[in-house]
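These are the residues of each chain, in order.
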Amino acid sequence: MRIDFVTLFPDMFAPVMDASILGRAQEKGLLEWGCVNPRDFSEDKHRKVDDRPFGGGPGMVMMVEPLEKAVESIKKKGSKVILLSPQGETFTDRKASQLAKDGHLVLVCGRYEGVDERALELFDEELSIGDYVLTGGELPAMVLADAVVRKLPGVLKKEEATESESFVSGLLDFPQYTRPRVWRGQEVPEILFSGDHKKIAAWRLSAAKAATKRKRPDLMSRA
Ligand code: 4HQ
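We now turn to the structure provided with this report. (Residues numbered from 1 in each chain as written. Predicted model: local features only at pLDDT ≥ 70, side-chain atom pairs only at ≥ 80, totals over all residues. Heavy atoms only, no water.)

### Details of the sheet that holds strand β6 (residues 104–109)
Across a sheet, strands are paired by hydrogen bonds formed along the backbone, either parallel or antiparallel in direction. Let me state the cut-off plainly: Should DSSP find at least two bridges between two strands, the strands are taken to pair. Secondary structure elements are defined from DSSP: runs of H or I of at least 4 residues count as helices, runs of E of at least 2 residues count as strands, and each element is numbered from the N terminus. Helix axes use the C-alpha atoms of the stretch in contact, all axes being lines fitted to C-alpha atoms, and the angles between their N-to-C directions lie in the range 0 to 180 degrees. Contacts: residue pairs with any heavy atoms within 4.5 Å of one another.
Reading across the sheet, the 5 strands line up as β2-β1-β6-β5-β7 and stay open at both edges, with parallel pairing between neighbours. The two strands at the open ends of the sheet, each matched to only one other strand, are β2 (32–36) and β7 (125–128). Each neighbouring strand pair of the sheet contributes to a mean axis angle of 30 degrees, computed without reference to strand direction. Strand direction decides the pairing type here: strand β1 (residues 2–6) and β2, joined by 5 bridges, are parallel. Paired with F5 across the two strands is C35, which belongs to β2. Sheet contacts for helix α5 (residues 138–149): β1, β5 (79–90), β6 and β7; angle to β6, the most-contacted strand, approximately 160 degrees.

### Focus on the packing of aromatic side chains
Our working definition: Stacked, edge-to-face and tilted are the three classes for Phe, Tyr and Trp ring pairs, Trp counted by its six-membered ring, which pair at centre distances within 6.5 Å; planes under 30 degrees apart are stacked, over 60 edge-to-face, the rest tilted. The buried label applies to any residue whose accessible area, calculated with a 1.4 Å probe on protein chains only, is under 20% of its type's maximum; exposed applies above 50%, and partly exposed to all values in between. As a reminder, the over-ring test applies to NZ of lysine and CZ of arginine, requiring each to be within 6 Å of the ring centre and within 35 degrees of the ring normal.
Inspection of every chain in the model, using the stated rule, returns 2 aromatic pairs. Between F5 and F13 the ring centres are 4.3 Å apart and the planes differ by 35 degrees, which places this aromatic pair in the tilted class. Taken individually, F5 and F13 each receive the classification buried, so the pair is uniform in this respect. Ring geometry for F5 against W33: centres 6.2 Å apart, planes inclined by 70 degrees, an arrangement best described as edge-to-face. A residue pair is termed long-range when its members are at least 10 positions apart, and F5 in strand β1 and W33 in strand β2 qualify at 28 residues. The class for F5 is buried, based on a relative accessible area of 0%. Its guanidinium or amino end placed over the ring of F193, R181 lies 3.4 Å from that ring's centre, counting from NZ or CZ.

### Some thoughts on the site of the ligand
Let me state the cut-off plainly: The criterion for a residue being near a molecule or strand is simple. One of its heavy atoms has to lie within 4 Å of it. Any pair of nitrogen or oxygen atoms within 3.5 Å is treated as a polar contact; in protein, a donor-acceptor pairing is required on top of that, and neighbouring residues in sequence qualify only through side-chain atoms on both sides. Only the protein chains shown count as cover for residues, with accessible areas throughout obtained via the Shrake-Rupley method and a probe of 1.4 Å.
In the vicinity of the ligand lie 17 residues, with S85, I129, G130, Y132 and L134 positioned nearest. Residue I129 places a main-chain N or O atom 3.0 Å away from a nitrogen atom belonging to the ligand. For the ligand, an oxygen atom lies 2.9 Å from a polar atom in the backbone of L134. Relative to its free-state accessible area of 360 Å², the ligand is covered by the protein chains to the extent of 95%. If you list the elements that add at least two residues to the shell around the ligand, you get β5 and β7.

### Let's talk about a nonpolar patch on the surface
The condition is simple: The patches described consist of residues with a relative accessible area above 30% and no salt bridge, like charges being joined within 9 Å and nonpolar side chains (Val, Leu, Ile, Met, Phe, Trp, Tyr) within 5 Å. Each salt bridge in this description consists of a side-chain nitrogen of Lys or Arg and a carboxyl oxygen of Asp or Glu lying within 4 Å of one another.
A contiguous nonpolar surface patch, about 290 Å² in accessible area, is contributed by Y132, L134 and L139. Tracing the sequence through the fold places L139 in helix α5. Judged by relative accessible area, L139 falls into the partly exposed class, the value being 48%.

### Brief notes about the side chain of H104
Mapping H104 onto the fold places it in strand β6. There is a polar contact of 2.7 Å between the side chain of H104 and the side chain of D4. Only 2.7 Å separates the side chain of H104 from the side chain of S79, close enough to count as a polar contact. H104 has contacts with R2, D4, I74, K76, G78, S79 and K80, leaving out every residue within four places of it along the chain.

### Topic: the nonpolar core
What counts is decided by this rule: The criterion is simple. A nonpolar core is a set of buried Ala, Val, Leu, Ile, Met, Phe, Trp, Tyr and Cys residues joined through side-chain atoms within 4.5 Å.
In this structure, I3, F5, M17, L105, L107, L144 and V148 are the most contacted members of the largest nonpolar core, which totals 29 residues. Listed by contribution, the elements that provide at least two residues to this core are β1, α2 (20–27), β5, α4 (93–99), β6 and α5. For this core, the element with the most residues is α5, which contributes 7 residues. When near neighbours in sequence (up to four residues on either side) are disregarded, I3 contacts L31, E32, W33, G34, L105, L107, A145 and V149. Among the nonpolar cores identified, the runner-up in size contains 17 residues, and A70, I74, V81 and F123 belong to it.

### Describing the pattern of salt bridges
Overall, the coordinates contain 13 salt bridges when judged by the stated rule. D40 is the partner of R47 in a salt bridge, and the nearest nitrogen-oxygen pair spans 2.8 Å. By relative accessible area, R47 is classed as partly exposed at 37%. A salt bridge links E43 to K69; the shortest N-O distance between them is 3.7 Å. Remark: K69 occurs in helix α3 (residues 64–74) and E43 occurs in the loop between β2 and β3 (50–51); sequence separation between them is 26 residues. Overall, E43 belongs to the exposed group, its relative accessible area being 71%. Here the salt bridges share partners, and the residues they tie into one network are K80, K95, D102 and E125.

Here's what the structure looks like:
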C-alpha cells in the first residue's frame, strides 16, 4: 500500500511513520508513504494557502486551488482520497479493514477553520477520528494510517496479531497478566496456570464479556 499525506506540516510524519511496526512494514516492502505540501502549489508570491472566510468571522479557510493541485499531483486511478475532519463519518476498526484493501490512500489534512466547502468534491470520503477538535488533520491522518497498515497481510507478526482483539470480536480485550504472580496482594487468576487451554479460552471469553458490559455497555448491544 502507498499512503500520501497532503499537509502543510510534512515534518510531523516521519517520527510516527518510520518508527516501530510502521517502519518495519516499509522494510518489508508492504508500505510506502510520502507528503505533498499544498504550499508548493500556491500561485501566490507569498505561497498563501488560506484566506479570510466570506461572510466574516474569526480564523482562516484553506483555499481550494492549492489543495486541488496537490491532490491531483499524486492521484492515480484507483486512489482513494480522504479528508480528515470532525464533520466526517466516524472512523472505526471496520473502516480500517475496508481501507486496507485499497492500494493507494491520499489523506488530506486540514488546518485553520477547515477547507473551502467546494473542495469536498475532491474527496471520496470524509472521516472523523472522534468528537473532539484538534489543531489539524495530521494526527487524525496518522491515526488512520496506523490502524489501516496493521491490517495489511504480513505487517503484524503472528504473536502481534490476535483474532480475539477488541472490536474485531465486537468485545473489549480479555484481561491480561504477566509477572509478578502477586502484586500488592492481588493474585493472577488461578485458571491461567492450569494449562487447560480450552478452559482458559472459555474464561477469557466470559471475562471479555464482563469487561465489555461494565466499561462499554454500548458495544454489548452490537456484539
Ligand atoms: N480536525 N477527526 C480541524 C479534527 C479532526 C477530527 C481536523 C481539526 C481538521 C481543520 N479530524 N481541522 N476530530 O479535529 O478528524
